[in-house]
Amino acid sequence: MRDPRRRSPPGPSTFIRYAGLASCAGLAACAAMPLPGPSVGFGLDSPVRELAASASASAPPERMLHAYALRIQTLGAGPEGRVDVLGRQAWLPDGSLVSVTGSQGAGVFGMSRSIGLCGLVSLRLDTALADRAYLPGDPARSDDVHFTDAARLEATTRMRATGLQVEGQPCAPLPGAEFGIVLQTRTIPAGEGAIGRVPLAAEVRYACRAGTAFEPANRLHPELPGEMLRVDCRRSAATDVRGGHLAYAWIASSGVYLLTGHRGQDVAQHYVYTDVVLGP
């Protein structure tokens, strides 16, 4: 039985847009905002949940990563290619790592909520559009996961993993290690109850290789303690839209991956972490 304190993030959640980082006075204050009551279910199907718990089993983290701020820059796109993101995450009693993000870029606002496998892949991902910047909701003490504490936003797209296969040890990488993940997913655009919307099924594969050695985590952000391990993954699917190369940093003391770069057929993005909030 998995220790409920053991941690599993978001895998690469597609960040929609948000800025509004000043909507709470400092990122540390964001991590302690009050929570709403529970709403309708946001979780994993039983078989996927059990496989994810087994794949993510590891020692409890030394320093939990509660919140982070980052800047995504699309190379060659100038100021219009910048997206500012604020994210909050929490480990739930069943061992799931849930992340809620808000983002802004080029005047467009959005939210996402995800249940992830070690920060490497999303097993459940909902996205929503917003009319302005909102502070992401805190999933730490809620029976469900809200996009925001301030508004009831409706999901515009829902993705759920219906199948999961894991080769190797993605949630405890060692230098030079290789591992793979295969996801069967079902995506419903514009709300699950929307008339005429057809669920889209897909299979997505991740083939990953860790770097040759650990390095100081403060190279990614000055306040990250301990060591990190660079990991590169090739993501492939039947459509080019979900393919590409992903770069991560495995933060050993927190037991999570942070996405640091993405390169697709016609896009390259660089991720810079500008603030982090850590706890015991």
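All figures in this text were calculated on a predicted structure; none of them were measured in a lab.

A.B. asks: Looking at this model, I keep getting lost on the pattern of salt bridges. Mind explaining?
C.D. replies: A side chain of one charge can pair with a side chain of the opposite charge when the charged atoms of the two come close. Scanning the entire structure with this criterion turns up ten salt bridges. Taking the shortest distance from any N to any O, the salt bridge between Arg-124 and Asp-126 comes out at 3.4 Å. Considered together, Arg-124 and Asp-126 belong to a single accessibility category, that of buried residues. Note that Glu-203 is salt-bridged to Arg-205, the shortest N-O span being 3.1 Å. According to the relative accessible area criterion, Glu-203 is partly exposed, its value standing at 34%. Classification of Arg-205 by relative accessible area gives partly exposed; the value is 44%. Several salt bridges converge on common partners, so that one network encompasses Arg-113, Arg-124, Asp-126 and Arg-158.

A.B. asks: Where do I start with the packing of aromatic side chains in this structure?
C.D. replies: Aromatic rings in a pair are described by how distant their centres are and how their planes are angled relative to each other. A full pass over the atoms with the stated rule returns three aromatic pairs. Relative to Tyr-273, the ring of Tyr-68 has its centre 6.2 Å away and its plane inclined at 65°; by these criteria the two rings are edge-to-face. Here the residue Tyr-68 occupies a position in strand β1 (residues 64-74), and Tyr-273 occupies one in strand β13 (residues 268-279), the gap between them amounting to 205 residues. Residue Tyr-68 is classed as buried on the basis of its relative accessible area, which comes to 3%. Tyr-273 sits in the buried class, given a relative accessible area of 7%. Ring geometry for Tyr-248 versus Tyr-257: centroids 5.7 Å apart, planes at 70°, classification edge-to-face. Judged by relative accessible area, Tyr-248 falls into the buried class, the value being 1%. Counting every residue linked through ring pairs, the aromatic cluster contains Tyr-248, Trp-250 and Tyr-257. Over the face of the ring belonging to Phe-147 we find Arg-113, whose NZ or CZ atom lies 4.4 Å from the ring centre.

About the cut-offs
- Residues numbered from 1 in each chain as written.
- Predicted model: local features only at pLDDT ≥ 70, side-chain atom pairs only at ≥ 80, totals over all residues.
- Heavy atoms only, no water.
- Salt bridge = Lys/Arg side-chain N within 4 Å of Asp/Glu carboxyl O.
- Buried < 20%, exposed > 50% of the residue type's maximum accessible area, 1.4 Å probe, protein only.
- Phe/Tyr/Trp six-rings, centres within 6.5 Å; stacked < 30°, edge-to-face > 60°.
- Helix = DSSP H or I, 4+ residues; strand = E, 2+ residues; numbered from the N terminus.
- Lys NZ or Arg CZ within 6 Å of the ring centre and 35° of its normal.

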